[in-house]
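Structure assessment
Spelled out, the chains give:
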Amino acid sequence: VQLQASGGGLVQAGGSLRLSCVPSRRTSSTYKMNWGWFRQAPGKEREFVAAITRSGTTRYADSVKARFSISKDNANGFVFLQMNSLKPDDTARYYCAAGPFSSSPYSTAREYNSWGQGTQVTVSS
């Protein structure tokens, strides 16, 4: 399944953004998937941000805990990443990903088999 991420932009430090991830088509399998958000800054490796299972169990990177929140719209198959108290270090291209169902949220990229094209988030100081 192809994923479309949106919602990025330029924001001042302390501001908020809400990213969305929409699958190109929604099937019975789509609703059973685990979902995640990753980010990659220039010159750095892609890193885990947040993940959520079909049942709603979540996991966050330590760097975003208490600031970011991942959620799902089960009725429409959308996945969101609410980002609050943004910092310049959060500047990166953000990617959504989907993977097969598991009771635990995935935190490594290799566990996901579908990726979106990414959306740029830039936080100015």
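Structure's up top.
Computed from a prediction, not measured in an experiment: that's the story for all the values here.

Within the protein, the regular secondary structure consists of 0 helices and 11 strands. Counted from the first residue to the last, the protein has its helices and strands arranged as β-β-β-β-β-β-β-β-β-β-β. Computed over C-alpha atoms, the radius of gyration of the protein comes to 13 Å, within 12% of the 14 Å expected from 2.2 N^0.38 for 125 residues, which places it in the range of a compact globule. Taking the principal axes of the C-alpha coordinates as reference, the protein spans close to 45 × 25 × 25 Å. Counting across all 125 residues of the protein, residues that qualify as buried make up 44%. Summarising the internal contacts of the protein: among those between residues at least 6 apart in sequence, 58% fall at separations of at least 24.

So, on to the nonpolar core. Trp37, Leu81, Met83 and Tyr94 are the most contacted members of the largest nonpolar core, which totals 34 residues. Mapped by element, the contributors of at least two residues to this core are β1 (3-6), β3 (17-23), β4 (34-40), β5 (47-52), β7 (68-73), β8 (78-83), β9 (92-99) and β11 (119-124). In contact with Tyr94, other than residues within four places in its own chain, are Leu19, Trp37, Phe38, Arg39, Val49, Phe68, Leu81, Met83, Gly118, Thr119 and Val121.

With that settled, consider unusual backbone geometry. Of note in this structure, Ala66 is not a glycine but carries a positive phi near 75°. Within the secondary structure layout, Ala66 lies in the loop between β6 (58-60) and β7. With phi around 50°, Ser85 is a residue other than glycine that occupies positive phi space. As for its placement among the helices and strands, Ser85 is situated in the loop between β8 and β9.

This part covers the sheet that holds β3. Strand order across the open sheet formed by 4 strands is β1-β3-β8-β7, with antiparallel pairing between neighbours. The open sheet has two free edges, formed respectively by β1 and β7, since each of these has just one partner strand. Pairwise comparison of adjacent strand axes, ignoring direction, gives a mean angle of 15° for this sheet. Pairing between β1 and β3: 4 bridges, direction antiparallel. Its bridge partner lying in β3, Ala5 is registered against Cys21.

The next subject is the layout of surface pockets. Here the largest pocket is characterised by a volume of approximately 160 Å³. In terms of lining residues, the largest pocket is bounded by Arg39, Gln40, Ala41, Lys44, Glu45, Glu47, Pro88, Asp89, Thr91 and Ala92. A breakdown of the residues in the lining of the largest pocket according to their chemical character gives 3 nonpolar, 2 polar and 5 charged.

A large share of β5 lies buried, amounting to 5 of its 6 residues. Pairing between β4 and β5: 5 bridges, direction antiparallel. What sits directly across from Gly36, in β5, is Ala51. The turn joining β4 and β5, which pair antiparallel and follow one another in sequence, is formed by 6 residues; a positive phi near 80° is taken by Gly43. Bridge count for β5 against β6 is 3 bridges, and the pairing is antiparallel. Considered in β6, the bridge of Ala51 is made with Arg59. Counted between consecutive antiparallel strands, the loop separating β5 from β6 contains 5 residues, among which Gly56 sits at a positive phi close to 100°.

Criteria and cut-off values
- Residues numbered from 1 in each chain as written.
- Predicted model: local features only at pLDDT ≥ 70, side-chain atom pairs only at ≥ 80, totals over all residues.
- Heavy atoms only, no water.
- Helix = DSSP H or I, 4+ residues; strand = E, 2+ residues; numbered from the N terminus.
- Rg over C-alpha atoms; globule rule 2.2 N^0.38 Å.
- Buried < 20%, exposed > 50% of the residue type's maximum accessible area, 1.4 Å probe, protein only.
- Contact = heavy atoms within 4.5 Å.
- Core = buried A, V, L, I, M, F, W, Y, C linked by side-chain atoms within 4.5 Å.
- Pairing = 2+ DSSP bridges.
- Axes fitted to C-alpha atoms, helices over the stretch in contact; angles between N-to-C directions.
- 1 Å grid on protein atoms, 1.4 Å probe; cavity = no way out; pocket = protein on both sides within 12 Å on 5 of 7 lines; lining within 4 Å.
- Points joined across faces, edges and corners; volume = space filled by probe spheres on them.
- Nonpolar A, V, L, I, M, F, W, Y, C, P; charged D, E, K, R; others polar.

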